[in-house]
Amino acid sequence: MNLQKWKNPSLLLTSIGIANIGDFIYLVAINILVFQMTGSAAAVAALWLIGPLTNIFAKFWTGSFIDYRSKRKVMMATYAIRGIFIFILPFMDNLFLLYSVLIILSIAKAFFNPASMTYITIVVPKNMRKRFNSIRAFASSGAFIIGPSIGGALIYATSIDVTLWINAIFFLLTAGLLWSLPEERKRAEQIPQLTIKQVMKDFTVVQNFMKHNRYVTGIYLGFIVVLLCTFAMDAQEVVFTQQEVGLSEVDYTLLISITGIGSVTGAILLSIISNKLSLRMMIVVGLTFVAIGYIIYAFSWSFISITIGFIILGFFLVFLNAGMMTFYQNNIPIDLMGRVTSIFDLIQSTLQVLIVLVVGLLADIISLRGTIVSLSISMFVLSIMYMFFVLKPTHVKLYQDAS
């Protein structure tokens, strides 16, 4: 490994890793804070809808903003805004003010994904992206275990307020790390005003790109559909494991920890062998076993069986995500990536809201077990169809990751 080549990617990975830990600390703290303020499970559940609903509003124009400006500075600004507003959360003394701040935080986060996706593609050379995304998967999986543990320990040792203040420092620190990274060399010479006319023009540009790159568009949209199946099942996870499988809250907590360990193990292995695997192999193997993991989960009857399913899907989900992220970065033009990513995020968020409502309705009509089984089988069938398109020999060049 050339250390000089990895200097900037390593700094970028460090900042993303710290922010991921901060995300999980925030998740633990904000759920407890809202429940303490309201005593309402519905108010806590509403937290899960703020992100998708905010995305539906924000993603119309975030791409138009990002593509013409410094992605590094946009990332720094989103981290700084999140740090500042998380710091003031404990001072919000009513639910209206609290949710107003949460919406601002969600809007800031909506800018981060398109900006970071583009900036990573600029900073990390093509022949290093697969390894980078594999290590990033390890950082994300590690944060999944470490973040809630740190959050819980901080709340126990201090208070929710102090935990949120420390959490704010995490995001300010990440903004500082990005300061030392290079600015992208090529940017728009003239920055257009963010008007409705400009947004509609950018929509047309993205539409034309999708029309002329139907295979790439179809592969990524197929990936979004697969993720929607997992999102729908995950949204009912707590209820399903307790009502249908009969797990206790302690069992469920242990299950999540074991899943995280499986994910970390998969990410460690992938970061070691990623250069020996093709992108198509990462995607196909990852998708196959994630679908199998959810099948086992849907038909589970005990803690052991559901644990096996969760370990499998946790282990192989990192293969699927790292492979798809690399494929995406290699095939979306950098000068369009912010706008294209925003449109994909918009589609995903809209479908997430719809599928949560549909799954909730189906669970009342045909039973929760029947709904989860139907979703897992649908995901498995869709995965087989999806893999057929990924393995088509006519598009093999799109999966090449060497420069």
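Throughout, residues of each chain are indexed from 1 in the direction in which the sequence is written. The model is predicted, so local features are restricted to residues of pLDDT at least 70 and side-chain atom pairs to those at 80 or more, both for listing and for counting; the totals for chains, interfaces and linings are taken over all residues. For side-chain calculations, the full set of non-hydrogen atoms in the structure is used, while hydrogens and water are omitted.

- Naming follows an unreviewed UniProt entry, where the protein chain appears as MFS transporter of Oceanobacillus kimchii.

Some details on the overall build of the protein chain
Here is step 1 of the chain: For the purposes of this entry, the term helix denotes a DSSP run of H or I that reaches at least four residues, the term strand denotes a run of E that reaches at least two, and both are numbered from the N terminus. Scanning the protein chain from terminus to terminus reveals 16 helices and zero strands.
Here is step 2 of the chain: Every radius of gyration here is taken over C-alpha atoms, with the globule rule written as 2.2 Å times N^0.38, N being the number of residues. For 403 residues, the compact-globule estimate of 2.2 N^0.38 gives 22 Å, and the protein chain sits close to it at 21 Å.
Here is step 3 of the chain: Burial classification: accessible surface area is computed with a 1.4 Å probe over protein chains only, and a residue below 20% of its type maximum counts as buried, one above 50% as exposed, and the rest as partly exposed. For the protein chain, with 403 residues in total, the buried portion stands at 51%.
Here is step 4 of the chain: Any two residues whose heavy atoms approach within 4.5 Å at even a single point are treated as in contact. Residue pairs at least 24 apart in sequence account for 87% of intrachain contacts in the protein chain once pairs closer than 6 positions are excluded.

Section: a nonpolar patch on the surface
Here is step 1 of the chain: A cluster of nonpolar residues, Val225, Phe299, Ile377, Val381, Leu382 and Met385, forms a patch on the protein surface that exposes about 500 Å² of accessible area.
Here is step 2 of the chain: In terms of residues, the nonpolar patch owes the most to one element, helix α16 (residues 368-390), which gives four residues.
Here is step 3 of the chain: Examined against the element boundaries, Ile377 turns out to sit in helix α16.
Here is step 4 of the chain: Classification of Ile377 as partly exposed rests on a relative accessible area of 41%. Patches here: salt-bridge-free residues with over 30% relative accessible area, like charges joined within 9 Å, nonpolar side chains (Val, Leu, Ile, Met, Phe, Trp, Tyr) joined within 5 Å. All accessible-area figures derive from a Shrake-Rupley calculation using a 1.4 Å probe, and residue coverage is judged against the displayed protein chains alone. Throughout this description, the term salt bridge denotes a Lys or Arg side-chain nitrogen within 4 Å of a carboxyl oxygen of Asp or Glu.

As for empty space enclosed by the protein
Here is step 1 of the chain: Points on a 1 Å grid over protein atoms alone make up a cavity when a 1.4 Å probe fits among them but cannot get out, and a pocket when they form an open set with protein on both sides within 12 Å along at least five of seven lines; lining residues each have an atom within 4 Å of a point. Grid points are joined across faces, edges and corners, and a volume is the space filled by probe spheres set on the points. Applying the stated criterion to the full structure yields one cavity of 30 Å³ or more.
Here is step 2 of the chain: If you add up the space inside the largest cavity, you get close to 60 Å³.
Here is step 3 of the chain: Lining the largest cavity, in full, are Lys59, Phe60, Trp61, Gly63, Ser64, Val199, Asp202, Phe203, Val206, Arg339, Ser342 and Ile343.
Here is step 4 of the chain: Where the lining of the largest cavity is concerned, the elements lending two or more residues are α4 (62-66), α9 (196-212) and α15 (334-366).
Here is step 5 of the chain: Per element, the largest residue contribution to the lining of the largest cavity is four residues, and it comes from α9.

Focus on the pattern of salt bridges
Here is step 1 of the chain: Throughout the structure, instances matching the rule amount to six salt bridges.
Here is step 2 of the chain: Between Asp345 and Lys59 there is a salt bridge, and its shortest N-O distance comes to 3.1 Å. A residue pair is termed long-range when its members are at least 10 positions apart, and Asp345 in helix α15 and Lys59 in the loop between α3 (47-58) and α4 qualify at 286 residues.
Here is step 3 of the chain: For Asp345, a relative accessible area of 10% gives the class buried.
Here is step 4 of the chain: Among the ionic pairs, Arg339 bridges to Asp67, the shortest N-O distance being 2.7 Å. With Arg339 in helix α15 and Asp67 in the loop between α4 and α5 (71-88), the pair connects residues that are 272 residues apart, well separated along the chain.
Here is step 5 of the chain: Arg339 gets classed as buried once you look at its relative accessible area, which sits at 9%.

Description of the packing of helix α1 (residues 7-38) against helix α6 (residues 95-123)
Here is step 1 of the chain: Helix axes are fitted only over the stretch in contact, all axes being lines through C-alpha atoms; the angle between N-to-C directions runs from 0 to 180 degrees. Between α1 and α6, the least distance of the axes is 13 Å, while the angle of their chain directions is 160 degrees. Classified by the angle between their axes, α1 and α6 sit roughly antiparallel to one another. Where α1 crosses over α6, the handedness of that crossing is left-handed. Each of Asn8, Pro9, Leu12, Ile16, Asp23, Tyr26, Ile30, Leu33, Val34, Met37 and Thr38 in α1 lies in contact with α6, whose residues at this interface are Leu95, Leu98, Tyr99, Leu102, Leu105, Lys109, Tyr119, Ile120 and Val123. Under this scheme an angle from 65 to 115 degrees is roughly perpendicular, one under 35 degrees roughly parallel, and one over 145 degrees roughly antiparallel; angles in between are oblique. Crossings are classed by handedness, with left-handed meaning an anticlockwise turn of the near helix from the far one by less than a right angle and right-handed meaning a clockwise turn.

Structural notes on the environment of Tyr399
Here is step 1 of the chain: One can find Tyr399 in the segment after α16.
Here is step 2 of the chain: Residues Tyr399 and Met281, 118 residues apart in the sequence, show an inter-C-alpha distance of 9.8 Å.
Here is step 3 of the chain: Those residues within four positions of Tyr399 in sequence are excluded, and the remaining contacts are Tyr215, Ile219, Leu279, Arg280, Ile283, Phe327 and Val390.
Here is step 4 of the chain: Pairs of N or O atoms within 3.5 Å make up the polar contacts considered here, provided that, within protein, one atom can donate a hydrogen while the other can accept it, and that residues adjacent in sequence are counted only when both atoms are side-chain atoms. Among the polar contacts listed, one links the side chain of Tyr399 to the side chain of Tyr215, at a separation of 2.7 Å.

With respect to the packing of α1 against helix α7 (residues 129-157)
Here is step 1 of the chain: Viewed as axis vectors pointing N to C, α1 and α7 meet at an angle of 35 degrees, and their least axial separation amounts to 7 Å. Along this stretch, α1 crosses α7, giving a crossing that reads as right-handed.
Here is step 2 of the chain: In the scheme used here, Gly and all other residues not listed as nonpolar or charged are polar, with Ala, Val, Leu, Ile, Met, Phe, Trp, Tyr, Cys and Pro taken as nonpolar and Asp, Glu, Lys and Arg as charged. Across the contact of α1 with α7, the residue classes tally to 19 nonpolar, six polar and one charged.

Re unusual backbone geometry
Here is step 1 of the chain: A positive phi is found at Ser367, a non-glycine position, where the angle reads about 90 degrees.
Here is step 2 of the chain: Turning to its location among the elements, Ser367 is positioned in the loop between α15 and α16.

A look at the environment of Leu89
Here is step 1 of the chain: Mapped onto the secondary structure, Leu89 falls in the loop between α5 and α6.
Here is step 2 of the chain: For Leu89, a relative accessible area of 0% puts it in the buried group.
Here is step 3 of the chain: Considering only alpha carbons, one finds Leu89 and Val290, 201 residues apart in sequence, at a separation of 37 Å.
Here is step 4 of the chain: Contact partners of Leu89, with chain neighbours within four places excluded, come to Tyr26, Ile30, Leu98, Val101, Leu102, Leu105 and Leu164.

Here we look at the packing of aromatic side chains
We describe a pair of aromatic rings using the distance from one ring centre to the other and the angle between the two ring planes.
Here is step 1 of the chain: In this scheme Phe, Tyr and Trp rings, the latter by its six-membered ring, pair at centre separations within 6.5 Å, and the angle between planes marks the pair as stacked below 30 degrees, edge-to-face above 60, and tilted otherwise. Evaluation of the coordinates by the stated rule reveals 23 aromatic pairs.
Here is step 2 of the chain: With centroids separated by 6.1 Å and ring planes inclined at 75 degrees, the aromatic side chains of Phe57 and Trp61 adopt a geometry described as edge-to-face.
Here is step 3 of the chain: What links up through ring pairs into an aromatic cluster is the set Phe57, Trp61, Phe65 and Phe111.
Here is step 4 of the chain: Criterion for a charge above a ring: Lys NZ or Arg CZ within 6 Å of the ring centre, and within 35 degrees of the ring normal. Directly above the aromatic system of Phe65 lies the positively charged group of Arg69, at a separation of 4.2 Å from the ring centroid.

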